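This is what each chain is made of:
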Amino acid sequence: MQLQKVDKNARMIKMKVNTKKLKQTKKRSKKAGLPPGTLVHVGERKEESVRITVIDYDEQSFQEKEASSIEECFQFKTTPTVTWINIDGIHRIDIIEKLGKHFELHPLILEDILNTGQRPKFEDFDKYIFIVLKMLSYDDEKQTVQAEQVSLVLGSNFVISFQESIGDVFEEVRDRLRNAKGRIRKMASDYLAYALIDAVVDNYFVILERLGESIETMEEELVAEPTEKTLQQIHLLKRTMIFLRKSVWPLRELISGLQKSESSLIKESTDVYLRDVYDHTIQIIDTIESFRDMVSGMLDIYLSSISNRMNAVMKVLTIIATIFIPLTFIAGIYGMNFKYMPELEWWWAYPVIWLIIVVIVVCMLIYFRRKKWL
Amino acid sequence: MQLQKVDKNARMIKMKVNTKKLKQTKKRSKKAGLPPGTLVHVGERKEESVRITVIDYDEQSFQEKEASSIEECFQFKTTPTVTWINIDGIHRIDIIEKLGKHFELHPLILEDILNTGQRPKFEDFDKYIFIVLKMLSYDDEKQTVQAEQVSLVLGSNFVISFQESIGDVFEEVRDRLRNAKGRIRKMASDYLAYALIDAVVDNYFVILERLGESIETMEEELVAEPTEKTLQQIHLLKRTMIFLRKSVWPLRELISGLQKSESSLIKESTDVYLRDVYDHTIQIIDTIESFRDMVSGMLDIYLSSISNRMNAVMKVLTIIATIFIPLTFIAGIYGMNFKYMPELEWWWAYPVIWLIIVVIVVCMLIYFRRKKWL
Amino acid sequence: MQLQKVDKNARMIKMKVNTKKLKQTKKRSKKAGLPPGTLVHVGERKEESVRITVIDYDEQSFQEKEASSIEECFQFKTTPTVTWINIDGIHRIDIIEKLGKHFELHPLILEDILNTGQRPKFEDFDKYIFIVLKMLSYDDEKQTVQAEQVSLVLGSNFVISFQESIGDVFEEVRDRLRNAKGRIRKMASDYLAYALIDAVVDNYFVILERLGESIETMEEELVAEPTEKTLQQIHLLKRTMIFLRKSVWPLRELISGLQKSESSLIKESTDVYLRDVYDHTIQIIDTIESFRDMVSGMLDIYLSSISNRMNAVMKVLTIIATIFIPLTFIAGIYGMNFKYMPELEWWWAYPVIWLIIVVIVVCMLIYFRRKKWL
Amino acid sequence: MQLQKVDKNARMIKMKVNTKKLKQTKKRSKKAGLPPGTLVHVGERKEESVRITVIDYDEQSFQEKEASSIEECFQFKTTPTVTWINIDGIHRIDIIEKLGKHFELHPLILEDILNTGQRPKFEDFDKYIFIVLKMLSYDDEKQTVQAEQVSLVLGSNFVISFQESIGDVFEEVRDRLRNAKGRIRKMASDYLAYALIDAVVDNYFVILERLGESIETMEEELVAEPTEKTLQQIHLLKRTMIFLRKSVWPLRELISGLQKSESSLIKESTDVYLRDVYDHTIQIIDTIESFRDMVSGMLDIYLSSISNRMNAVMKVLTIIATIFIPLTFIAGIYGMNFKYMPELEWWWAYPVIWLIIVVIVVCMLIYFRRKKWL
Amino acid sequence: MQLQKVDKNARMIKMKVNTKKLKQTKKRSKKAGLPPGTLVHVGERKEESVRITVIDYDEQSFQEKEASSIEECFQFKTTPTVTWINIDGIHRIDIIEKLGKHFELHPLILEDILNTGQRPKFEDFDKYIFIVLKMLSYDDEKQTVQAEQVSLVLGSNFVISFQESIGDVFEEVRDRLRNAKGRIRKMASDYLAYALIDAVVDNYFVILERLGESIETMEEELVAEPTEKTLQQIHLLKRTMIFLRKSVWPLRELISGLQKSESSLIKESTDVYLRDVYDHTIQIIDTIESFRDMVSGMLDIYLSSISNRMNAVMKVLTIIATIFIPLTFIAGIYGMNFKYMPELEWWWAYPVIWLIIVVIVVCMLIYFRRKKWL
């Protein structure tokens, strides 16, 4: 197996959801033609250093430490206790490779871990199960959703999790492990994997809530005063929905696949919990679909309200022109220089003209009002 | 299992269907990261007090009472008679917990009962079947549909129903139990569960009827005089349809799942009744789909009638301008101050000009009429 | 089983397809909460009196009579000959109930017969098969399609058909029975049921033909002179299509279900005939789908032709204005009262001005024509 | 079985695809209510006389003749050689009936042969397989696609083909038979049936090619100069696509059905050929779908280019008006007759006014150009 | 088997994706009616000469040479080493035919190889597996995607690949073979076939990346300055997407078919690699779907921004007209020649008129600004 290391400065994550997507495929193309199983880190290099944390527990004991080298974790492969090795930062290909060798992971798995453009999926290799998830976070400032790839390897007595960068949604799980809250310390590694998946899925509700607020704000803005910026925001929302959908739909298959899998790694007692996560996933998908419908509805409202507003402007302006053009014609008539125009001589002609003008304006206004044009 | 109680003042249910939705997901996020089975009430706290009513019956006997504490119901777990325990108000977590402990309900079930953002579904735990439904009500004033979550636990000789607040669609069922109407008193607990589901589904027809009336009214309004308010109402209707659809589609799976379930709790004699409810569900889905098509059609009509009306206005106004602009030009010609303009001297020039003007106007009007522009 | 009779005056069937729909759901809601199997007539009461006709036949014998009471039909339940009991009018609940009791029909079947908002379906109760169909008729005057529910109960030696009102599409079948045309008199009751279904389905072709003519007429109108009425008619057609679709799609399932059913009531020899009806159903569905596409296409043509026409009007009018506005400016120039305007003194100035005006108009017209604006 | 003969003059095939469709359903309705298996010719009577041709062959021998009466063909039913009986013209019901009797065809088959509104399908009657196809031809003049129904009856040693009129796509197959080209003479009747189906399917590529050319021409027209006629042609193309789709989609089922059929009539060696036709069908469907997408795209382009063009016209015209209206105002000012207007007396006032006018015009033009309005 | 050779000058590949498509079907029609298995080259003749390269290897040995005649390759059919015969250029029918004869390929396979309008597919003939792929390349200048058909024949110890022209994406695979990189030299012919498919699929990522860049550029252009050219480019992109989709969707089936195939040619050890390619395919499809959504979104933005811009222009122009028309009326009034117009005599009348004019303009401007019309 040949190793390549793509060294490049950490770049800030780009603003737009799709830009990030494009960048990913861009880097992906560097791999075209390489033998399968070649380890190349595809994705943003989010952290300079790699942090490895190990939590080892059973019902009685609990141990948590930060490993300075990957070799420290190797001892846990055979202990009867459940071990959770968490690796923040996947750009150090040598670490991933050593780990893979010791835990006998298939090269393609290692490749998938490094390639952050993966689709959520699970794969069952007799000795372990490989799971890819997308952990989402909401960037309040830019109002966009960002995804971080989380890969889990579930073995009979260990779970290894790979994250792109430090900072995750697993703090609650760690607390439960530390404080022996709930049943987590009494259960096997599959329950730990479930708990991690559950934490990721639960976090989706937080994201949806934020998006829900965005939609609500946008709706008020739409009614109050739609601008071209509103349109761009609606399109941004629409894209975020497309992005979310792409992350969540495969999740459904993933979890239902786990449920149906006949792997001995997943105990029967965990089934009911997986069913629960499955229900949550369906609920999330439902909400995303509703949001999509709402966003399309907003687009329709935006377009028709913009067009209504434009029409209103044009109507008023046209009405003004329509009123004055006949009047100007009348004025034009008596501006003619014919020698024989009897009206010009009458002394009351001028006030009568004014009268006529006023009458015409009033009649037109009444007519327009009746026709509901004003 | 750890308990948390979210104390907050009862808030009025928000006007818009989706707003309510958003609020639910909002509260849902408080649970993110908690261990599964943690009981947190997610939803509006609709009632301050919790009412527990117990109906216990068999073919001969009938007993109905309001329980002051949940412990009073525990005796019915083992009696051979059928018992229906109805709990209005799910914010008292301690009550739910005690009940769950005594009836040996799985913690995830209790969690689902408290979390009012559930999707209609059923789950088969050997000893009991858990069913979640959405009971709809129509708010006449706000012209919106509101949903209340009803959870049913069907055991071999009991049914426990959980509602968010007092007031439901089960009064008819109670009457049939009291008066031994129909076969209900002769049947087992599964028939009672069926009767409750049937009552919920039958109520959907009432909702659809109201919506049908709304649509009819709206259509007349559309033809008579479409305003921007009409557009907003159409969008509100559209959303209500999306909301209804989300509530009813899973119902279909639910009931067909119950039918196909091999649980010993559901007697074969109930199958034909479930098939009947299933047919009703399909009928409701069909009607909702028709309504959706009709609402989309209304949107099309609205948009094209608005645009037609605008066009008509612009056409008339433009025609007025078009008639007077050439006339003004003529008047302008004879307003010129050239020294040598023979027409100015002719005494019949002025009347001739008027004649010409009248002829032009008449010709243009005839032309416009012929072209059907007027 | 409790009986209720909803007494109300026969009302005329409402014009619009959907109105009828709405009315049905409206009445349906009266049943909400009643025990299943409660007999309430849901639908328009189309006829005051109920007509019961009996046709009893085998290969040799044939007997046809109008029964004055339902009891006259009871004797045919056990005769070896095939008996067709046809009941026109389903508002007399007592008749339906007596019949149901004697032929041992399930209360839910009776309920479905009375409830005219049923979806086409079939249900297999070992001793008999229950089939619901929609018999369509085309109202030439109102250009709408109306549906009448036909319920069939197929027993081993009898068929009972229930219609909402007198007048049906079965006259040809009766003729074939009377004259022993085709194979019908040699076959069992399942062939009779098939013949009735076939008559209903064949009638759909008649309806489609009428709609096809409507579409053709409408298309010519569209090209010749689209008005706002055309738009409404297109929308009416669209709705009729939605309505037809709803009636025909379930038919497909119904017939394929009959084919696949393992009921002993349906002989193998009838299979080939059912396949034939199935093919017809598919053909009808195909035609409806084509019609839908054509109607959508018409809507597009309508909208773009209206907009084209409007554009043409506006263009001509704007061009007139555009030509005269510069001319008016020229006239305005020489209408100024400056003391020192040499042109005013020149005797050939006025004719030159006219020349200039003519040249400008000609140039503009040529330019507009070249640009294809005229 | 009762025979009816619908006598009517041969009518020219109507121009539009859908008109033909309508006509078919129209005639179809004549059959409503008749017993199944009644032979009525439904369709255009395309030829006055019926032509029967017989080709009889095996690897060694080959015989081709035109039969003057249907009875001449009967002898071939039992010969070991493969016989292809081709009947051009299906309006002579007596011929079809005699043939049906002798070859023991089911009455429903005969009915389907006569009824030209069939959907492509295949039916397996143990002794023979019945296949319905649509043979398409492209009418260059009217730019429309026309369909002719081809029915095949495949027996163990014969193929009977029924066409609506003389003229087909089978000439190549006949040549191969005559000249013993390819393997056709060595193979059984199922290969002959395959060869006929293949000829029909191959002909679709010719049709698609013509449509492709139409689309290409239309696209150039669209860019060069879209007119209202273009719109109508796009809609005609759209319809042709709908029509083609309806003919080809069922073909796919048909051929995959033939492949999967366990009939002993279809030898295993023919499977690979059927798979080949199947691939062609998929390819045709793919192309039709692409064409549909392209036609929709053309509609979008048409609409936006029409609207762009209109906008361009209105913009130029409005700009002209906008430039001259302020100038006219200036001229109007100095056309006022106030006694005390000092400017009127200045001798350089008039040239200054012209200067101002020129400056205004130039400024406006520059402004408009900068704003990219010109 | 009869041979035909279509001789025609090499033509340059046409610009537009669909034009190429049309051309292909055009040529395809030449085959209509020919016996199946007739070899006719359908497609552009991309190269004058045909290049045959042979790579023969096992774990120890490696040999690469360019064959001057096809017969040189025949010896490799029976050697135990793995042989990869690559043929660039498929217009020399005689070569294909000889090869087919020696390697016992079915005539229909040869036909498919020559017919470049194939859909990606795989077919399992016991002794070999036939695979058709589309190799894409991006033409930077014309911004279009072009497809080249690659056919693979996988035998137990050989892979034959057919390409339309010289130049491919397999150079990396050749390098790995030459340098014994990765496991490729240790594996059997199925792994080689996999490696070729993988190279083709990996190349799709490169294409997607280019398209992603195009989309990004286009989006910036859309915001900065949308022109009619932008519209055409969006439509070109849309088509490219349709084209890509057509190439990739069948690939999915192809690879999942290979995975599920029970052919002994595909070793179990290759399964995990096929699963990997399958995942890539899904990822590509996902990205294409996202791109399609983005392109539709761009179309919406384009249309609404064009319409917004047009509206802005019209609004400003109309406002100018609206301001000056009333002023012109005032000037017109005092241009009238009535004898008795007291204002005309007042010496301060003229400045007052100017004052009035200024006041009117200022008021209107304020009003327009307040109404947000300016």
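The text that follows walks through the structure, step by step, so that each part is easy to find. Just so you know, these numbers come straight off a predicted model, no measurement behind them.

Quick look at the interface of chain A and chain B
Put simply, an interface is often sized by how much accessible area is lost when its parts join up. At the junction of the two partners, chain A supplies 61 residues and chain B supplies 68 residues. Both sides together, the interface formed by chain A and chain B hides about 5600 Å², and carbon and sulfur atoms give 63% of it. In terms of surface lost to chain B, no three residues of chain A exceed A:Phe329, A:Asn337 and A:Phe338, which account for 12% of the buried area on that side. Summed over the shared surface of chain A and chain B, the result is six salt bridges. The partner of A:Asp300 in a salt bridge is B:Lys238, with the nearest N and O atoms 3.8 Å apart. Those elements giving two or more residues to the side of chain A that touches chain B turn out to be α4 (171–179), α5 (189–224), α7 (271–333) and α8 (342–345) of chain A. With 32 residues, the single largest contributor to the side of chain A that touches chain B is α7(A). Taken together, the residues of the side of chain A that touches chain B break down into 24 nonpolar, 17 polar and 20 charged.

Here we look at the relation of the copies chain A and chain B
The two copies are related by a screw motion: chain A maps onto chain B through a turn of 72 degrees and a shift of 0.1 Å along the axis, at an RMSD of 0.1 Å. Both copies are brought into coincidence by an operation consistent with a five-fold rotation axis. When C-alpha distances to the rotation axis are compared across chain A, the minimum falls at A:Gly335, with a value of 4.3 Å. Comparing interface residues between copies, only 13% of those in chain A also lie at the interface in chain B; the contact surfaces differ.

With respect to the sheet that holds strand β7 (residues 158–163) of chain C
Residues and elements named next belong to chain C. Strand order in the open sheet made by the seven strands is β2-β1-β3-β7-β6-β5-β4, with mixed pairing throughout. Every interior strand has two partners, whereas the edge strands, β2 (62–67) and β4 (121–125), have only one. The average undirected angle you get between the axes of adjacent strands in this sheet is 15 degrees. With five bridges joining them, strand β6 (residues 144–154) and β7 adopt antiparallel strand pairing. Pairing of Val 153 across the sheet is with Ile 160, part of β7. Here helix α5 (residues 189–224) sits on the sheet in contact with β1 (51–57), β3 (82–88), β5 (128–139), β6 and β7, set at roughly 25 degrees to β5. The strands touched by helix α6 (residues 228–260) are β4, β5 and β6; relative to β5, the strand with the most contacts, the crossing angle is about 155 degrees.

Side note on the side chain of B:Lys121
For B:Lys121, the location among the structural elements is in strand β4 (residues 121–125). The exposure class of B:Lys121 is buried, given its relative accessible area of 11%. Within the local environment of B:Lys121, its side chain forms a polar contact with the side chain of A:Asp279, the two groups lying 2.4 Å apart.

Digging into the pattern of salt bridges
If you walk through the whole model with that rule in mind, you get 105 salt bridges over all chains. In this structure, B:Glu219 and C:Arg239 form a salt bridge, with 2.1 Å as the shortest nitrogen-oxygen distance. Of this pair, B:Glu219 sits in helix α5 (residues 189–224) while C:Arg239 sits in helix α6, on two different chains. Where E:Arg51 meets E:Asp88, a salt bridge forms, and the shortest distance between an N and an O atom there is 3.2 Å. Placement of the pair is E:Arg51 in strand β1 (residues 51–57) and E:Asp88 in strand β3 (residues 82–88), with a sequence separation of 37 residues. A single salt-bridge network, built from bridges that share partners, covers A:Glu64, A:Asp168, A:Glu171, A:Arg174, A:Asp175 and A:Arg178.

So, the relation of the copies chain E and chain A
Turning chain E through 72 degrees and shifting it by 0.1 Å along the axis lays it on chain A, with an RMSD of 0.2 Å. In this assembly the copies use different faces: only 13% of the residues contributing to the interface of chain E also contribute to that of chain A.

Some details on the packing of aromatic side chains
By the definition in use, this model includes 80 aromatic pairs over all chains. Ring pairs connect the aromatic residues A:Phe324, A:Tyr334, A:Tyr350, A:Trp354, E:Phe329 and E:Phe338, which therefore count as one cluster. Here the guanidinium or amino end of A:Arg275 rests over the ring plane of B:Phe125, the centre of that ring lying 5.2 Å away.

A word on the interface of chain E and chain A
Opposite the 61 residues of chain E that make contact, chain A presents 67 residues. Ranking the residues of chain E by area buried against chain A places E:Phe329, E:Asn337 and E:Phe338 at the top, with a combined share of 12%. Our enumeration of links across chain E and chain A arrives at six salt bridges. For the pair chain E and chain A, the number of links is 14 residue pairs in polar contact (both at pLDDT 80 or more).

What counts, and where the lines are drawn
- Residues numbered from 1 in each chain as written.
- Chains lettered and ligands numbered in written order.
- Predicted model: local features only at pLDDT ≥ 70, side-chain atom pairs only at ≥ 80, totals over all residues.
- Heavy atoms only, no water.
- Contact = heavy atoms within 4.5 Å.
- Buried area = accessible area lost by both parts, 1.4 Å probe.
- Salt bridge = Lys/Arg side-chain N within 4 Å of Asp/Glu carboxyl O.
- Helix = DSSP H or I, 4+ residues; strand = E, 2+ residues; numbered from the N terminus.
- Nonpolar A, V, L, I, M, F, W, Y, C, P; charged D, E, K, R; others polar.
- Least-squares fit on C-alpha atoms with pLDDT ≥ 70 in both.
- Pairing = 2+ DSSP bridges.
- Axes fitted to C-alpha atoms, helices over the stretch in contact; angles between N-to-C directions.
- Buried < 20%, exposed > 50% of the residue type's maximum accessible area, 1.4 Å probe, protein only.
- Polar contact = N/O pair within 3.5 Å; in protein donor to acceptor, adjacent residues only side chain to side chain.
- Phe/Tyr/Trp six-rings, centres within 6.5 Å; stacked < 30°, edge-to-face > 60°.
- Lys NZ or Arg CZ within 6 Å of the ring centre and 35° of its normal.

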